[in-house]
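Residue strings, one per chain:
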Amino acid sequence: MAEITAAAVRQLRERTDLPMMECKKALVASDGDEEQAMEWLRERSKGKLADRAGNVTAEGRIFQHVADDLSSAAMVEIQCESEPVSGSEHLVGFGELCLKQVVEGPGADTPEELLGQQAPDGSGKTLQELFDEMSGKIREKIVVQNVCKLEGPVAGYVHHNHKVGVLFQAEGDSPDEQVMRDVAMHIAALRPKCTHAEDLPEEEVKAERERLSEEARATGKPENIIEKIVDGRMKAFYVEAGVLVFQPFAKDDSKTVKQALAEKGLKAKSFKLWTIGT
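Conventions and cut-offs
- Residues numbered from 1 in each chain as written.
- Predicted model: local features only at pLDDT ≥ 70, side-chain atom pairs only at ≥ 80, totals over all residues.
- Heavy atoms only, no water.
- Helix = DSSP H or I, 4+ residues; strand = E, 2+ residues; numbered from the N terminus.
- Rg over C-alpha atoms; globule rule 2.2 N^0.38 Å.
- Buried < 20%, exposed > 50% of the residue type's maximum accessible area, 1.4 Å probe, protein only.
- Contact = heavy atoms within 4.5 Å.
- Areas by Shrake-Rupley, 256 points an atom, 1.4 Å probe, with all protein chains shown as cover.
- Lys, Arg positive; Asp, Glu negative; His and termini not counted.
- Charge placed at Lys NZ, Arg CZ, Asp CG, Glu CD.
- Core = buried A, V, L, I, M, F, W, Y, C linked by side-chain atoms within 4.5 Å.
- UniProt positions renumbered as here; feature names shortened; annotations may be inferred.
- Pairing = 2+ DSSP bridges.

Caption draft 1: Fine view of the overall build of the protein. Along the backbone of the protein there are 11 helices and 8 strands. Relative to its length of 278 residues, the protein is extended, with a C-alpha radius of gyration of 26 Å against a globular reference of 19 Å. When the backbone C-alpha atoms are referred to their principal axes, the protein occupies close to 100 × 40 × 30 Å. Here the protein, with 278 residues, has 42% of them falling under the buried criterion. Within the protein, contacts between residues at least 6 apart in sequence are counted, and of these 62% link residues at least 24 apart. A total accessible area of about 15,100 Å² is found for the protein, and carbon and sulfur atoms account for 48% of it. Computed over 36 positive and 50 negative side-chain charges, the separation of the two mean positions in the protein equals 3 Å.

See the structure below:
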């Protein structure tokens, strides 16, 4: 059996970032062959990760990039098991690479599609290969959960703990960064369910309108007055149902989100709201 020197162990540790004792075990098992030792470590890591496959990933980090001119924006969500790992150098570095690829690459509709692309770090490896290396070092279940890219005008917000991320997409010729970012923050705080009333289930809206109409008719008022009463009460229903444009604007609740945007010549189009652990 080949002699396992301290220099050989250190060299393997530098390549893998794994504990010295584990690197020595790998070299012993591989009779000093470094490449075989690398493969031994990879297989061992796969086994350990397989044991954790059912673990809950309630921690993680959201990465976001918004173009300076608001012409596009991207977000990536990576989940993991523990808080320390969510802020670790390895996970943060990998997340930033994923985000860079979403921003600059050919685009990806799913995490699997993104991971299959070449990493933008010049390593010649795919993001999946870098992901496997990272997972092997951390030895914890890690999941690339969500990826998205939106065309502008779009603004974003990420909470200071990186656990909540929002992209807000508007319509209009002259995007106002401040009000759009304020709407993104509103979404993070108030958690609307959808952008427009039309996004709600049609059956729910119809049933509520019929219920309110029956109540209004019981007052004996004329039909044209009843219609106005119902329209007014439906606005309260839309707020309760979580329709963004009808919600009182968090920054100035004397107006709705729709009104705040209209003052700047904008309309709401859509939004993405991601929260780690939900």
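There's more to say after this.
Caption draft 2: Quick look at the nonpolar core. Membership of the largest hydrophobic core comes to 34 residues, with the highest contact counts inside it found for F168, M180, V183, Y238 and L261. Looking at this core, the elements that each hand over two or more residues are β4 (154–158), β5 (164–171), α8 (177–190), α9 (202–217), α10 (223–241), α11 (257–262) and β8 (267–275). Counting residues per element, this core draws most heavily on α8, at 6 residues. Formed by 25 residues, the second largest nonpolar core is a distinct cluster that contains A108, L114, L115 and F131.

Caption draft 3: Summary view of the UniProt feature "domain: Translation elongation factor EFTs/EF1B dimerisation" (unreviewed entry) in the protein. The sites that carry the UniProt feature "domain: Translation elongation factor EFTs/EF1B dimerisation" (unreviewed entry) are, in the present numbering, residues 73–277. The span residues 73–277 carries 45% helix and 23% strand; its end-to-end C-alpha distance comes to 23 Å.

Caption draft 4: How the structure looks around the pairing of strand β1 (residues 59–66). Note that β1 and strand β2 (residues 72–80) share 8 bridges and pair antiparallel. Note that in β2 the partner of G60 across the bridge is Q79. Connecting the antiparallel pair β1 and β2 is a turn made up of 5 residues, with L70 showing a positive phi of about 65°.

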